[in-house]
Structure formats: C-alpha cells, structure tokens
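Listed below are the residues making up each chain.
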Amino acid sequence: MSHLLSVADLGVQGIEEILRLTDSFVEVTERAIPKVPALRGKTVVSLFYEDSTRTRLSFETAAKRLGADTMTFSVGTSSVKKGESLRDTVQTIEAMGVDAIVVRHASAGVPWQIARWASSVIVNAGDGWHEHPTQALLDCYTIRQRLGSLQGRRIAIVGDIKHSRVARSDVLAFTMLGAEVVLVAPPTLLPPSLEGWPVTVEHDLDQTLSKVDVVYLLRMQLERQREALLPSLREYTARYGLTPRRAEHLGPDAIVMHPGPMNRGVEIAAEVADLPNAVMVDQVRNGVAVRMAVLFQLLGSGTQLEGVDRG
Ligand code: ASP
Ligand code: CP
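Cut-offs applied
- Residues numbered from 1 in each chain as written.
- Chains lettered and ligands numbered in written order.
- Predicted model: local features only at pLDDT ≥ 70, side-chain atom pairs only at ≥ 80, totals over all residues.
- Heavy atoms only, no water.
- Helix = DSSP H or I, 4+ residues; strand = E, 2+ residues; numbered from the N terminus.
- Rg over C-alpha atoms; globule rule 2.2 N^0.38 Å.
- Buried < 20%, exposed > 50% of the residue type's maximum accessible area, 1.4 Å probe, protein only.
- Contact = heavy atoms within 4.5 Å.
- Lys, Arg positive; Asp, Glu negative; His and termini not counted.
- Charge placed at Lys NZ, Arg CZ, Asp CG, Glu CD.
- Near = heavy atom within 4 Å.
- Polar contact = N/O pair within 3.5 Å; in protein donor to acceptor, adjacent residues only side chain to side chain.
- Areas by Shrake-Rupley, 256 points an atom, 1.4 Å probe, with all protein chains shown as cover.
- Pairing = 2+ DSSP bridges.
- Axes fitted to C-alpha atoms, helices over the stretch in contact; angles between N-to-C directions.
- Salt bridge = Lys/Arg side-chain N within 4 Å of Asp/Glu carboxyl O.

**Describing the overall build of the protein chain**
Next up, step 1: Regarding its fold elements, the protein chain presents 11 helices and nine strands.
Next up, step 2: Over its C-alpha trace the protein chain gives a radius of gyration of 19 Å, about what one expects of a compact globule, namely 19 Å for 311 residues.
Next up, step 3: On the principal axes, the C-alpha backbone points of the protein chain span a range of 55 × 45 × 35 Å.
Next up, step 4: Across the 311 residues of the protein chain, 55% fall into the buried class.
Next up, step 5: For the protein chain, contacts bridging at least 24 residues in sequence account for 73% of all contacts bridging at least 6.
Next up, step 6: Measuring between centres, the 33 positive side-chain charges of the protein chain sit 4 Å from its 36 negative side-chain charges.

**A look at the site of ligand 1**
Next up, step 1: Residues in close proximity to ligand 1 include Arg-104, His-132, Arg-165, Val-166, Arg-219, Pro-259, Gly-260 and Pro-261, which together make up its full environment.
Next up, step 2: At 2.8 Å, a side-chain N or O of Arg-165 approaches an oxygen atom of ligand 1.
Next up, step 3: At 2.9 Å from a nitrogen atom of ligand 1 is found a main-chain nitrogen or oxygen belonging to Gly-260.
Next up, step 4: With the chains in place, 91% of the 260 Å² that ligand 1 exposes on its own is no longer accessible.

**A look at the sheet that holds strand β9 (residues 255-257)**
Sheet strands pair by backbone hydrogen bonding; their relative direction is either parallel or antiparallel.
Next up, step 1: Taken together, the five strands give an open sheet; going across it, the order is β7-β6-β5-β8-β9, and neighbouring strands pair in parallel fashion. What marks the edges here is a single partner per strand, and that holds for β7 (199-202) and β9. Going across the sheet, the axis of each strand differs from the next one's by a mean of 25 degrees, ignoring polarity.
Next up, step 2: Pairing between strand β6 (residues 180-184) and β7: four bridges, direction parallel.

**What to know about the pattern of salt bridges**
Next up, step 1: Considering all chains together, one arrives at 11 salt bridges under this definition.
Next up, step 2: Residue Arg-144 is joined to Glu-16 by a salt bridge in which the shortest nitrogen-to-oxygen separation is 2.8 Å. A residue pair is termed long-range when its members are at least 10 positions apart, and Arg-144 in helix α5 (residues 133-147) and Glu-16 in helix α1 (residues 7-29) qualify at 128 residues.
Next up, step 3: Accessibility expressed as a relative area gives 26% for Arg-144, which makes it partly exposed.
Next up, step 4: When its relative accessible area of 25% is taken as the criterion, Glu-16 is described as partly exposed.
Next up, step 5: Residue Arg-153 pairs with Asp-213 through a salt bridge whose shortest N-O separation is 3.3 Å.

What follows is the structure, given as structure tokens:
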C-alpha cells in the first residue's frame, strides 16, 4: 500500500491487515507511556481544508505516539487566504521535507490529485461527499470489538446519506466484511442513483430498528446541502431521529454508532447518545489506534517492533 485513498483500494485483505495491526496499537495505547519509536525521523503533516476535531487530532496523536514529528496546516491561517493554489501549497509543504500528507478537502478526488503531484504518502481524511476511509476502518474495528464480527450482521445507516462520505466508505467496508446494509432516509436525502450500491432501502425507521445489530446515525450535512431537502429539522427528527422511545425497539445487544460531530436533539436524542450501547466514545478511542496502524503500514516499512505484528 503506497497511499490510503479509498476503502476499495484496500480490499478485504487490506482491511483485515489494518484491523489486525490495530489490535497491537490498542495494546500500545493502553500502556502507561503509550508510545513506540516506529516512525522516529518521519514527518506527518495534516493538510485540512475543511473543519475537523476527531480526524485531525487523532492522526496527530497517532503520529506522535509512533515517534513521528507533526505539522499542522489550517487553511484559515495560511497563505491560501492570499490566493495560493493547492498545487503550490503542496509543493511548499513538501519542500520542507515531509513523509506523509493527511488531507481533507471539500472537493471529491483531491487526495488522488495530490498523490499525482507529490512524492509523499497521501492519506485521505475525507474528500467532499466521496470517501472517508479511516472512519470506515475505525467503524469496522469498533463493531468487531462489540459484536465479534461483521459477517451476517444487519447495519442500518440512517440520515443524510446523499452528502455523506462516511456512508460511502462504510457501505464498502461493511459489505466487504460480510454485513448487510440497509439505508434509511427520506428520498431527498438518498443519492439520486443507488446503482451499484450493495444495499437495500427503507423509509420507515420504526420498522427497521428491531431487525438490526447496528444503527449508524448521520448528521444533517447542511454545509453541503444547496437546496431545501426537508420541510424542517423538527419533522426530520419526528420521523428519523433516534428518540428514547424508538431506541427501545433495538435488540438488547444492538449498538448505536455515529461518526461525530453529533447534533443532539436532531438525528439522536441527548439521552440516547449517552446510553451504554452507544459506542461513539469507543469509535473515537479506536480511531487513534486505527490511524497508528495506517501510518505504520504506510511509513514503517523495514521497522520491526516488539509486539507489533504486521499480520
Ligand atoms: N465527521 C464526518 C465527516 O467529516 C461526518 C460529519 O461531519 O458529519 O465526514
Ligand atoms: N468523524 C469525523 O470525521 O469527525 P471530524 O469531522 O471531527 O474529524
């Protein structure tokens, strides 16, 4: 693997390798000093053209826990504000000597474009509506941790699927690992065509909840919506929000997931987000170990670490 751009590039074997490696890094993150010197001398830069809390901080934490140096780029305080192009920005950053660029951008395909220009390793941290591969990896890891396996599991992804890169990467990864995915959304929040998506569609959340092992909620991605797709958020919540009453339909072992950031009171009620079967905190915690595994896989060739098995 020379870059991580898409879940599709990883394939089942690639996903399995990262998840196996993640087990070793979970163990590292639980140590009193959660660090290993696997990437000492390497530099990882986060090049984020869109806002982020979890992805950026967890990549930076992951890099530091592997002994790498980190650089952070925030568009709002950079020379992009003075008109510098993406290509010149990438060239400038590379000239300082970096080994990996973790990129998030509002336009689909930007990580591929950068991979053509740059000689560093490129990691896609979210490109427009298109993909968010490390989110899918940490979601698979979290489901396995809670439910043992994805094989034969039924997963409902609920909400603004049309604008969600998380949904696109998750559908690929979940189905590659043997899960069945059902999308639950009003027609206006589904992609115009689902041709080639290995999913079924439901419009009634109440009927779906009792039949699934995982309910995966999505935020209304208003920053990407260019027209009024819903009568109102209140009406959306009434039909598709995971309220405490609806959550009672879930089976005793079913889990509630969300990539974050949550809008409590819209797609998920505040009380539901804090239930013991809501695993959002686990998702974030696992995100650090998954990103350590990804960085180690991409940059750690030739590095032997005691207790870290490449799978
Ligand atoms: N944080 C995720 C993303 O960047 C999901 C979201 O923002 O709703 O795609
Ligand atoms: N889940 C996720 O990508 O969160 P951030 O947008 O906060 O990075």
